[in-house]
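These are the residues of each chain, in order.
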Amino acid sequence: MTREELQNSLPDLAPGATFEEGGEWLNMNVTAESWKAVSHALKFTAGFDFDYLFCLTCVDWKTHLTMVYHLTSTTHRHNMVVKIKLDRTKPEVETVCDTWRTAEFHEREVFELFGVVFLNHPDLRNLILPDVWDGFPLRKDYEDPINMIKL
Amino acid sequence: MDVNPKAPAPFPGEVIQTPGGGILVSRMDQVINWARSNSLWPLVFGTSCCAIEMMSTAAAKYDWSRFGFEVARATPRQADVIIIAGTIVNKMAPVLKRLYDQMAEPKYVIAMGACATSGGPFFYNTYSVVKGADHIIPVDVYIAGCPPRPEALIHAMLSLQEKIKSGMTREQIKMEKPEQSF
């Protein structure tokens, strides 16, 4: 599907979703509550078949966090981006590792570096950082007076 | 340190001509240093992009075997020199220390590139990077560059050979002057 076709047909799968202008791929904003159902529909609805999650990351905007999921379809060769705005004080979103298995490790990485809690994740613990670690290093307000030399 | 590319250091000592040949007079220490410097086995150790340049130096175009470095070892027990090719992060630091401790003496260290020298591009605003590998283990030769070209690595290796030939090892100095700390 082309970008326009995706944008026209996606509201059927994700009611209430909004779309952003610009960007290389179609950007869709959904709520954290609807994400579980939407992710399942994106992968298993014929015609969409987003079977490959090729990037899962998070952005700290200082006022809020944004989860970013890059999806592609290996059969239809179309791409899209899903964004979810999260509360910075209590960031919680459903895991998608039962839809895309690769999300399991990527969500662990986002969990340790940004502090996003993935609900129903099977093994949510630090991936690269040591097991005992205070703070979330990739948040903008992270401070480490011992190791960091501020510029 | 001056490394003269035209004339490699000759075998230490002098030949006293006698009928039917000659007698070589030399100092044992110098002969041992000469032997050591011409067969340095590096440890296979690379933590980021400097390792690509190190591999290039080992490959056919630059070919560090011309200087006696060709036997790269995958175990520190058989290695003489560790080339720190890349960024050392806090999590890697104890591993690097353990590798260095496992190497047999005499052992030498080359800090390759900006990261191994000072943290380089990761000096400011980074929580994870060690600001110079010399916080962990003593370094003999530093190379500037990000990453250094293979010529720079070869120059550092020749400098290390000059250093070995010019005097005592760190362990020998320690034994003679135990009050000095290294």
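My aim in this report is to walk through the structure given alongside it, one point at a time. (Residues numbered from 1 in each chain as written. Chains lettered and ligands numbered in written order. Predicted model: local features only at pLDDT ≥ 70, side-chain atom pairs only at ≥ 80, totals over all residues. Heavy atoms only, no water.)

1. Concerning the packing of helix H2 (residues 50-58) of chain B against helix H5 (residues 150-165) of chain B
Residue and element names in this part refer to chain B. One can describe the packing of H2 onto H5 by two numbers: an axis separation of 9 Å at closest approach and a directional angle of 75°. In this view, H2 runs roughly perpendicular relative to H5, as classed from their interaxial angle. Judged by residue contacts, Glu 53, Met 54, Ser 56 and Thr 57 of H2 engage Pro 150, Leu 153 and Ile 154 from H5. The residue makeup of the contact of H2 with H5, split by class, is four nonpolar, two polar and one charged. (Axes fitted to C-alpha atoms, helices over the stretch in contact; angles between N-to-C directions. Helix = DSSP H or I, 4+ residues; strand = E, 2+ residues; numbered from the N terminus. Parallel < 35°, antiparallel > 145°, perpendicular 65-115°, else oblique. Contact = heavy atoms within 4.5 Å. Nonpolar A, V, L, I, M, F, W, Y, C, P; charged D, E, K, R; others polar.)

2. Re the state of the cysteines
By the definition in use, this model includes zero disulfides over all chains. Cysteine Cys 115 of chain B is unpaired, with the sulfur of Cys 146 of chain B as its nearest cysteine sulfur at 5.8 Å. (Disulfide = S-S within 2.5 Å.)

3. Side note on the sheet that holds strand E4 (residues 65-72) of chain A
All names here are of chain A. Strand order in this open sheet of five strands is E1-E2-E5-E4-E3, and the pairing throughout is mixed. Only two strands of the sheet have a single partner each, and these edge strands are strand E1 (18-20) and strand E3 (52-60). Averaged over neighbouring strand pairs, the angle between their axes works out to 25° when direction is ignored. Contacts between helix H1 (residues 3-13) and the sheet are confined to E1, strand E2 (26-30) and strand E5 (79-86), with E2 contributing the most and set at about 15° to the helix. Most of the contacts of helix H2 (residues 35-44) go to E5, to which it runs at about 175°, and overall it touches E2, E4 and E5. (Pairing = 2+ DSSP bridges.)

The values are spatial; any link to function lies outside them.
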